Amino acid sequence: MEAADEEKAGNGRNGHAEGPAAERGGGGRLRGCRGFLRRNALVLLTVSGVVAGVALGAAVRGAALGPAQVVYLAFPGELLLRMLRMVILPLVVCSLVSGAASLDTRSLGRLGGIALAYFLGTTLLASGLAVALGFIVRPGAGATALNAPGLGLPSTVPTSKETVDSFLDLVRNLFPANLVAAAFRTYATEYKMLPRNTTSGNVTWEKIPVGTEIEGMNILGLVLFALVLGVALKKLGQEGEDLIRFFNSFNEATMVLVSWIMWYVPIGIMFLVGSKIVEMEDIVLLVTSLGKYIFASILGHFIHGGIILPLIYFASTRQNPYRFLLGLITPLATAFATSSSSATLPSMIKCIEENNGVDKRISRFILPIGATVNMDGAAIFQCMAAVFIAQLNNIDLNPGQIFTILVTATASSVGAAGVPAGGVLTIAIILEAIGLPTNDLSLILAVDWIVDRTTTVVNVEGDALGAGILNYLNEKEKKDKEQELKEVNVEAVANSKSEGETSPLVTHKNQVSNTTSTADPESKESVL
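Conventions used here
- Residues numbered from 1 in each chain as written.
- Predicted model: local features only at pLDDT ≥ 70, side-chain atom pairs only at ≥ 80, totals over all residues.
- Heavy atoms only, no water.
- Helix = DSSP H or I, 4+ residues; strand = E, 2+ residues; numbered from the N terminus.
- Expected span 1.5 Å × (residues − 1).
- Core = buried A, V, L, I, M, F, W, Y, C linked by side-chain atoms within 4.5 Å.
- Buried < 20%, exposed > 50% of the residue type's maximum accessible area, 1.4 Å probe, protein only.
- Contact = heavy atoms within 4.5 Å.
- Phe/Tyr/Trp six-rings, centres within 6.5 Å; stacked < 30°, edge-to-face > 60°.
- Lys NZ or Arg CZ within 6 Å of the ring centre and 35° of its normal.
- Patch = residues over 30% accessible without salt bridge, like charges linked within 9 Å, V, L, I, M, F, W, Y side chains within 5 Å.
- Areas by Shrake-Rupley, 256 points an atom, 1.4 Å probe, with all protein chains shown as cover.
- Salt bridge = Lys/Arg side-chain N within 4 Å of Asp/Glu carboxyl O.
- Axes fitted to C-alpha atoms, helices over the stretch in contact; angles between N-to-C directions.
- Parallel < 35°, antiparallel > 145°, perpendicular 65-115°, else oblique.
- Left-handed = near helix turned anticlockwise from the far one by under 90°.
- Nonpolar A, V, L, I, M, F, W, Y, C, P; charged D, E, K, R; others polar.
- Lys, Arg positive; Asp, Glu negative; His and termini not counted.
- Charge placed at Lys NZ, Arg CZ, Asp CG, Glu CD.
- UniProt positions renumbered as here; feature names shortened; annotations may be inferred.
- Polar contact = N/O pair within 3.5 Å; in protein donor to acceptor, adjacent residues only side chain to side chain.

Draft legend 1. Representation of helix H6 (residues 105–137) within the structure. Compared with the 48 Å implied by 1.5 Å per residue over 33 residues, the 47 Å span of H6 between its first and last C-alpha is a close match. Two residues or fewer after H6 comes Arg138, characterised by a positive phi angle close to 55°.

What follows is the structure in structure tokens.
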């Protein structure tokens, strides 16, 4: 009986001891779950917004909304785009000025050189991948029912420019004549037809290039000016510190605005995606007619963004690239929904600094430049479109034309506008360069709303991984310098100790000094 009572008492004590432990374990798991949801709330809400947008578009398509109702449906998404574009100008200018001023000239040149090599190398790889996939998949060979009314082909096609004029416009936009106008206007060449009388009496028409200003921010000119201004303020030293602090404060305040806008992103994304699905007249007919082109373009984006760019990041840093990309789900989803690299820039800067720990000086220096000049996804899209139109017209591309496509796509992607459908305008440059007809660009415009989303995702992914690589190289250089400094200090201390202990000259001097200190002046003379 006593043994039984003791056993019951023991069991009671154990039960009382295990109860609070179990409660603490359950509470810990609950707190961990709450912490995870709190940390990743924006990511979960953004992904949910994309899924909800697809469901909303599929549900509303059966309601047969008119054009006015579709505009009203897209209104919340339009607000998101307007808010993101509102902060682009102060964010780009202030971040580049403060970033260039915070780096010394040597670091600025080294990082700029590495970034330029990375941007050009990845864009060339993307162009080569697109041309190779175009010859393997042959998207133009299976395009059928191209004139069907259900495709929703646009009636107007962008007017093509001469290749020389396109590159001259690129250089002109680097040096805007008016900085205030550059915030909302861009230089572009148009053509005027003038009659010319010949000696035989016949009238010929000559195309004369004329410079005009079109709507759109001249981001290239603003980027170059901000970089040069930051370097100039750094050179001023003490006199430029007040202005540098102003731009730093302006930049931090802009980032606070961005953090507030980010909480509206899930709602805006839902209505953007839903309205785009409702706008399309016949998705099934579009996919069956141009399905191989859509498949080849998205496959190129998947290979470049999912394999090639992560491999470059891993080879440079020996770190997991997919863990790095996991912290960028929100800006990647924003890129997919808005189809705008410029509109994604604010959320990209915020997430890459907070989630991935990239140095502010690196992110705010590289990302605005990358959003302007690094267009890997656009290069794939443009090269695939050129091969598609060539195959559609039964034209075999020779090696010279392929080389022209690669070089022209790499160069023209630098000047591609970071806005929806910005890459379509640059396809005309490639087609003119290799002598292909531009009247088939309407087919590209018909599917641009699908392909442009994955294009933008690859564009911003390339910028982010480039910033991660530069951040790793910068930190590695810092550690190497610190290690060298420590080794120099340790070596200096060791040398001083060894000399004091083992050098016969030092010992002799000490002995001499000791003897002379106790001797009279005459003995000092004799010792000397």
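Draft legend 2. Structural context of the nonpolar core. Leu96, Phe324, Leu328, Ile352, Phe365, Ile366 and Ile369 are the most contacted members of the largest nonpolar core, which totals 52 residues. In terms of residues, this core owes the most to one element, helix H5 (residues 88–102), which gives nine residues. Residues in contact with Leu96, not counting those within four places in the same chain, are Val223, Ala226, Leu227, Arg364, Phe365, Pro368 and Ile369. Listed in part, the 37 residues of the second largest apolar core include Leu129, Ile380, Ile389 and Ile450.

Draft legend 3. Local environment of the packing of aromatic side chains. Across all of its chains, the model carries five aromatic pairs by this definition. Considering the side-chain rings of Tyr293 and Phe388, the 4.8 Å spacing of their centres and the 35° angle between planes classify their relative orientation as tilted. One end of the pair, Tyr293, is in helix H12 (residues 283–317); the other, Phe388, is in helix H17 (residues 376–392), with 95 residues separating them in the sequence. As far as the burial class goes, Tyr293 and Phe388 line up, both buried. Aromatic rings pair up to connect Phe246, Phe247 and Phe250 into one cluster. A cation sits over an aromatic face here: Arg318 above Phe314, 5.9 Å from the ring centre.

Draft legend 4. Highlighting a nonpolar patch on the surface. Nonpolar side chains collect at one region of the surface, where Phe36, Leu37 and Leu44 lie side by side and expose about 270 Å² of accessible area between them. Tracing the backbone shows Phe36 in helix H1 (residues 2–39). When its relative accessible area of 43% is taken as the criterion, Phe36 is described as partly exposed.

Draft legend 5. Summary view of the packing of helix H9 (residues 219–236) against helix H16 (residues 360–373). Between H9 and H16, whose axes approach to 10 Å, the crossing angle comes to 155°. The orientation of H9 relative to H16 falls into the category roughly antiparallel. Between H9 and H16 lies a crossing whose hand is left-handed. Residues Ile219, Leu220, Val223 and Leu227 of H9 lie in contact with H16, whose contacting residues are Phe365, Pro368, Ile369, Thr372 and Val373. Here the residues of the contact of H9 with H16 sort into eight nonpolar, one polar and no charged.

Draft legend 6. Region of interest: a positive patch on the surface. Residues Arg31, Arg34, Arg38 and Arg39 make up a contiguous surface patch of positive charge. On the secondary structure map, Arg34 appears in helix H1.

Draft legend 7. A look at the UniProt feature "transmembrane region" (unreviewed entry) in the protein. UniProt tags residues 41–63, 83–103, 115–137, 216–233, 254–273, 293–312, 365–390 and 402–431 as "transmembrane region" (unreviewed entry). Its end C-alpha atoms 30 Å apart, residues 83–103 is made of 90% helix and 0% strand. Secondary structure across residues 365–390 comprises 92% helix and 0% strand; the distance between its end C-alpha atoms is 39 Å.

Draft legend 8. Looking closely at the pattern of salt bridges. Under the definition given, this model contains 10 salt bridges. Measuring nitrogen to oxygen at the nearest pair gives 3.0 Å for the salt bridge that ties Arg185 to Glu215. Here Arg185 is found in strand S1 (residues 185–197), whereas its partner Glu215 is found in strand S2 (residues 203–215), with 30 residues between them in sequence. Here the residues in one salt-bridge network are Glu252, Glu353, Lys360 and Arg364, joined through shared partners.

Draft legend 9. Structural view of the environment of Phe365. Positionally, Phe365 belongs in helix H16. Exposure remark for Phe365: the relative accessible area of 4% places this residue in the buried category. Between the alpha carbons of Phe365 and Ser102 there is a distance of 9.7 Å; along the sequence they are 263 residues apart.

Draft legend 10. Fine view of the packing of H6 against H17. Where H6 contacts H17, the two axes come as close as 8 Å, and the packing angle between them is 30°. Considering the angle they form, H6 stands roughly parallel to H17. Handedness of the H6/H17 crossing: right-handed. Along its contact with H6, which presents Phe119, Thr122, Thr123, Ala126, Ser127, Ala130, Val131, Leu133, Gly134 and Phe135, the element H17 presents Asp376, Ala379, Ile380, Cys383, Met384, Val387 and Gln391. The residue makeup of the contact of H6 with H17, split by class, is 11 nonpolar, five polar and one charged.

Draft legend 11. Broad picture of the side chain of Thr408. Counting through the fold element by element, Thr408 comes out in helix H18 (residues 399–412). For Thr408, the side chain forms a polar contact with the main-chain oxygen of Thr404, separated by 2.6 Å. When near neighbours in sequence (up to four residues on either side) are disregarded, Thr408 contacts Ile429, Ile430 and Ala433.

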